[in-house]
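# Examining the three-dimensional arrangement
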Amino acid sequence: MVKAYCKKNITETAYNMWIKDLDLISLEAERVILSSPGFRINLIMEKYRSLIEEAFFNVMGFEVNIEIIPAENIPGKNADSEILSYMSIENAKYTFSNFIVGPSNKLAYTASLRIAENPGSVFNPLFIYGNSGLGKTHLLNAIIEKIKSNNPGANIVYTTSENLTNELFFALQTKTTYDFHNKYRNCDALLVDDIQFIAGKTQTEEEVFHTFDTLIKAGKQIVLTSDKPPSAIPKIEDRLKTRFESGILCDIQPPDFETRVAIIKDKSNYLKFDLPDDVCIFIAENIKNNVRQIGSAVKNIYAYCAFNSIPAPTVDIAREILKDILITSQPISVVVDNILEKVAFTFGVTVEQIKSERRDANINSARQAAMYIIREITEISQPEIGKIFGRNHSTVNNSLKNVQQRIEKDSKYKNLINEIIKNIND
């Protein structure tokens, strides 16, 4: 029933690729453990976690927190763990040679290249931090590729903190901690993405502490990434902060205009796609904080032109194709404020009233519409939407259902909601 709920709320392709093969491992109180091939877990947790939790809520009537562990770590599911660990970094084409270097990332690039050429001898640990989409995972993959090219027999372990926690939980449940320790403490290089998510997870922090000390004493390379420096990670043990800071810290900032243009040119050249200069400039001026979105923009324009036999896109074509990306490239707070203002104007109320405790019919209708539109335009989870309005998950869930049901029954209301969304996207 959970999968059926998910299937109704996403495309068939997305369901078959990401949800269909999920297996239930355990359900304990409000904690659900699922399994999936390890290379899919990051994307499922990023894109579909809230949908899956919503599906469980719909079926079971109470909120749950889901965790996903790699299927290949479950006895009876055979897989080459090293290959899966390597391929779980989503784009194996990412190397040092195609990493665009600029003032915002030069230190991180240089340090990564140095440790890849001589792992364990300098800059150990290497701690790279910065917002999502700026190239941290690209550098991790480049490090792996370089070490492997120099030493094909090197035992490299790549994981995310989420996978690490899930593997540890499974090892403790199945009394296979020896295998867990053997994997993580006997490698030549350990790379952990998004290390900040171990904060507050006592057993995981304990394991990371001992694994860290074991590998450093053995002269093995450790590379960690995070969205913030160690000192700014809340709820993480001081002894771990100290160890994370004992090597070199490198931050990655959003690229400047010239670097963004270079990235766009590189992406279009890779696709053998002649992107006019004015379109390159348009993209660079409008997508400033996320390299991943820049790459996605180029691919979307390329695909549109290929499918429609357009030899060279114009700025107007690019603007239409990228309208959704341009919206989401803004800070979430800006997008949400814009939605609230548009909804308030349309329903004849104020933003303050929408956020208030008042239950007048027109205010409540505007509030529910705002929740629905925020969910449609952004990737904010239901609990996060609840925080915006001072409501709990159940209230948000019911509001979304009410709007959806009204849209299905009332064509005028449907047109109203669609018009608001169109105005926001424009």
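Going by the structure above, here's the rest.
The present account deals with the structure reproduced in this document.

Cut-offs applied
Along each chain, residue indices are assigned from 1 in the same order as the chain's sequence is written. With the structure being a predicted model, the display of local features is reserved for residues of pLDDT at least 70 and the display and counting of side-chain atom pairs for 80 or more, all residues being used for whole-chain, interface and lining totals. Side-chain measures were taken over the full set of non-hydrogen atoms in the model, leaving aside hydrogen atoms and water. Each residue gets one of three labels from its accessible area relative to the maximum for its type: buried under 20%, exposed over 50%, partly exposed in between, using a 1.4 Å probe on protein chains only. Strands here are runs of E lasting at least two residues and helices are runs of H or I lasting at least four, both read from the DSSP assignment and numbered beginning at the N terminus. Being paired, for any two strands, means DSSP has found at least two bridges between them. Note on aromatic pairs: the rings of Phe, Tyr and Trp (six-membered ring only in Trp) are paired at centre separations within 6.5 Å, and the planes decide the class, stacked below 30 degrees, edge-to-face beyond 60, tilted for the rest. Distance and angle both matter: a charge sits over a ring if NZ of Lys or CZ of Arg is within 6 Å of the ring centre and within 35 degrees of the ring normal. For helices, the fitted line uses only the C-alpha atoms of the stretch in contact; every axis is such a line through C-alpha atoms, and the angle between N-to-C directions lies from 0 to 180 degrees. Contacts between residues were defined by any pair of non-hydrogen atoms, one from each residue, lying within 4.5 Å. Salt bridges are defined by distance alone: a side-chain nitrogen of Lys or Arg within 4 Å of a carboxyl oxygen of Asp or Glu. We define a nonpolar core as any set of buried Ala, Val, Leu, Ile, Met, Phe, Trp, Tyr and Cys residues linked to one another through side-chain atoms lying within 4.5 Å.

Burial within strand β6 (residues 189-193) is extensive, with 5 of its 5 residues counted as buried. The two faces of β6 match: Ala189, Leu191 and Asp193 on one face and Leu190 and Val192 on the other face are all buried. Judged from the 5 bridges that link them, strand β5 (residues 156-160) and β6 form a sheet pairing that is parallel. Following the sheet pairing, Thr159 is matched in β6 by Val192. Here β6 pairs with strand β7 (residues 221-226) via 4 bridges, running parallel. From the neighbouring strand, Leu191 faces β7, where its bridge partner is Val223.

This paragraph deals with the packing of aromatic side chains. Ring pairs (aromatic) are described by centroid distance and by the angle formed between their planes. For the coordinates displayed, the defined rule picks out 6 aromatic pairs. Ring centres 5.8 Å apart and planes at 15° place the aromatic pair Phe99 and Tyr109 in the stacked group. Of this pair, Phe99 sits in the loop between α4 (81-87) and α5 (106-117) while Tyr109 sits in helix α5, and the two are 10 residues apart along the sequence. Across the pair, Tyr109 and Phe99 agree in class, each one buried. On the numbers, 4.9 Å between centres and 45° between planes, the contact of Phe180 with Tyr184 is tilted. With Phe180 and Tyr184 both in helix α8 (residues 177-185) and 4 residues apart, the pair spans about one turn of that helix. Among the residues examined, Phe180 registers a relative accessible area of 5% and is labelled buried. Taken together, the ring pairs connect Phe96, Phe99 and Tyr109 into an aromatic cluster. Directly above the ring of Phe209 sits Arg239, whose terminal nitrogen or CZ lies 3.8 Å from the centroid.

Attention now moves to the sheet that holds β7. Overall, parallel pairing links the 5 strands, which are arranged β5-β6-β7-β4-β8 in an open sheet. Pairing within the sheet leaves two strands with one partner each, and these edge strands are β5 and β8 (248-251). Averaged over all pairs of adjacent strands, the angle between strand axes in this sheet comes to 15°, irrespective of strand direction.

Structurally, Thr159 is set in strand β5. Contact partners of Thr159, with chain neighbours within four places excluded, come to Leu164, Glu167, Tyr184, Leu191, Val192 and Asp193.

Attention shifts here to the pattern of salt bridges. Following the criterion strictly, the structure yields 12 salt bridges and no others. Salt-bridge contacts for Glu206 lead to Arg239; the nearest nitrogen and oxygen are separated by 2.5 Å. Placement of Glu206 in helix α9 (residues 202-217) and of Arg239 in helix α10 (residues 238-244) is noted, with a sequence separation of 33 residues between them. Accessibility expressed as a relative area gives 29% for Arg239, which makes it partly exposed.

In this structure, Pro125 follows Asn124 across a cis peptide bond, with omega equal to 5°. If you trace the backbone, Pro125 turns up in the loop between α5 and β4 (126-129). Here the phi dihedral of Lys235 falls at roughly 65°; this positive angle occurs in a residue that is not glycine. Position of Lys235 among the secondary structure elements: in the loop between β7 and α10. Classification of Lys235 as exposed rests on a relative accessible area of 74%. Even without glycine at this site, Ser309 takes up a positive phi of about 55°. As for its position among the elements, Ser309 is in the loop between α13 (291-307) and α14 (315-321). By relative accessible area, which is 64% here, Ser309 ends up exposed.

Attention now goes to the nonpolar core. Ranked by size, the top nonpolar core spans 46 residues in total, and within it Leu126, Ile143, Leu191, Leu275, Ile283 and Ile301 carry the most contacts. Dropping the residues within four chain positions of it, Leu191 is found in contact with Leu140, Ile143, Ile144, Ile156, Val157, Tyr158, Thr159 and Val223. Residues Ile354, Ala366, Met371 and Tyr413 belong to the second largest nonpolar core, which totals 30 residues.

A few words now on the environment of Trp18. Relative to the elements of secondary structure, Trp18 occurs in helix α2 (residues 12-19). The exposure class assigned to Trp18 is buried, which follows from its relative accessible area of 17%. In this structure, the C-alpha to C-alpha distance between Trp18 and Ile41, residues 23 residues apart in sequence, is 8.9 Å. When near neighbours in sequence (up to four residues on either side) are disregarded, Trp18 contacts Arg40, Leu43, Ile44 and Tyr48.

It is worth stressing that arrangement in space is one thing and function is another; only the former is reported here.
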